[in-house]
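Given next are the chains, with one letter for each unit.
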Amino acid sequence: QVQLVESGGGLVQPGGSLRLSCATSASIFSVNVMAWYRQAPGKERELVASITRGGAINYRDSVKGRFAISRDFGKKTWNLQMNSLKPEDTAVYYCNQVSYDGIFDWGQGTQVTVSS
């Protein structure tokens, strides 16, 4: 059973920054895609950013230039640096991994609240 453990959520004022981290219990060699999703109240879960094992990165348009995804193979982690946060970024953020076998695994979610 793969476990993904997230950390780094919290309350921040508009314009502030947070860094989310996700650690996987899986062999990093089995992971093809590492990603972050978010889900705001009353809305569907949406992809925020993803990075492949080969380093290809994708961001949703609303976070481009503000968020940055990175990975560390040695630590089996991937991170989401979030800058210039806006109230509309408020959501539960989930880390996600997709194996080469096409299996999706999810973290438990961490709350990010942007409010003054």
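Here, the structure is the one placed above.
Residues numbered from 1 in each chain as written. Predicted model: local features only at pLDDT ≥ 70, side-chain atom pairs only at ≥ 80, totals over all residues. Heavy atoms only, no water.

Chemist: Provide a residue-level description of the environment of Ala23, including the pertinent values.
Modeler: Take Ala23: it is sitting in strand S3 (residues 18-24). Given a relative accessible area of 31%, Ala23 falls into the partly exposed group. Separated by 82 residues in sequence, Ala23 and Asp105 have C-alpha atoms that sit 12 Å apart. (Helix = DSSP H or I, 4+ residues; strand = E, 2+ residues; numbered from the N terminus. Buried < 20%, exposed > 50% of the residue type's maximum accessible area, 1.4 Å probe, protein only.)

Chemist: Hey, could you go over the pattern of salt bridges for me, with residue numbers and the actual values?
Modeler: Within this structure, the stated rule accounts for five salt bridges. The salt bridge partner of Asp89 is Arg38, with a shortest N-O separation of 3.0 Å. Pair noted here: Asp89 is in the loop between strand S8 (77-82) and strand S9 (91-99) and Arg38 is in strand S4 (residues 31-39), with a separation of 51 residues, a long-range link. Arg38 carries the same exposure label as Asp89, and that label is buried. Residues joined by salt bridges that share partners form a network here, namely Arg38, Glu46, Arg60, Arg66 and Asp89. (Salt bridge = Lys/Arg side-chain N within 4 Å of Asp/Glu carboxyl O.)

Chemist: Explain the packing of aromatic side chains residue by residue, including any values.
Modeler: Per the counting criterion, the structure on display carries one aromatic pair. With a centroid separation of 4.9 Å and 65° between ring planes, the pair formed by Tyr37 and Trp106 is classed as edge-to-face. Placement of the pair is Tyr37 in strand S4 and Trp106 in strand S10 (residues 104-106), with a sequence separation of 69 residues. Judged by relative accessible area, Tyr37 falls into the buried class, the value being 18%. The class of Trp106 is partly exposed, set by a relative accessible area of 34%. The side chain of Arg45 reaches across the aromatic face of Tyr94, ending 3.7 Å from its centre. The ring centre of Phe73 lies 4.8 Å from the NZ or CZ of Arg53, which sits over that ring. (Phe/Tyr/Trp six-rings, centres within 6.5 Å; stacked < 30°, edge-to-face > 60°. Lys NZ or Arg CZ within 6 Å of the ring centre and 35° of its normal.)

Chemist: Would you mind going over the sheet that holds strand S1 (residues 4-7) in detail, with residue names and values included?
Modeler: Read across the open sheet, the four strands follow the order S1-S3-S8-S7; overall the sheet is antiparallel. Single-partner strands in this sheet number two, and they are S1 and strand S7 (67-72). Taken pair by pair, the neighbouring strands of this sheet meet at an average axis angle of 15°, ignoring direction. Judged from the six bridges that link them, S3 and S8 form a sheet pairing that is antiparallel. Residue pairing across strands places Leu18 opposite Met82, the latter belonging to S8. (Pairing = 2+ DSSP bridges. Axes fitted to C-alpha atoms, helices over the stretch in contact; angles between N-to-C directions.)

Chemist: Tell me what's going on with the layout of surface pockets, and back it up with residues and numbers.
Modeler: Empty space within the largest pocket amounts to approximately 150 Å³. Along the lines of polarity and charge, the residues of the lining of the largest pocket split into two nonpolar, three polar and eight charged. (1 Å grid on protein atoms, 1.4 Å probe; cavity = no way out; pocket = protein on both sides within 12 Å on 5 of 7 lines; lining within 4 Å. Points joined across faces, edges and corners; volume = space filled by probe spheres on them. Nonpolar A, V, L, I, M, F, W, Y, C, P; charged D, E, K, R; others polar.)

Chemist: Tell me what's going on with the pairing of S3, and back it up with residues and numbers.
Modeler: Burial of S3 is extensive: five of the seven residues sit out of reach of the surface. Summarising the sheet, S1 and S3 pair through four bridges and their orientation is antiparallel. Paired with Val5 across the strands is Ala23, a residue of S3.

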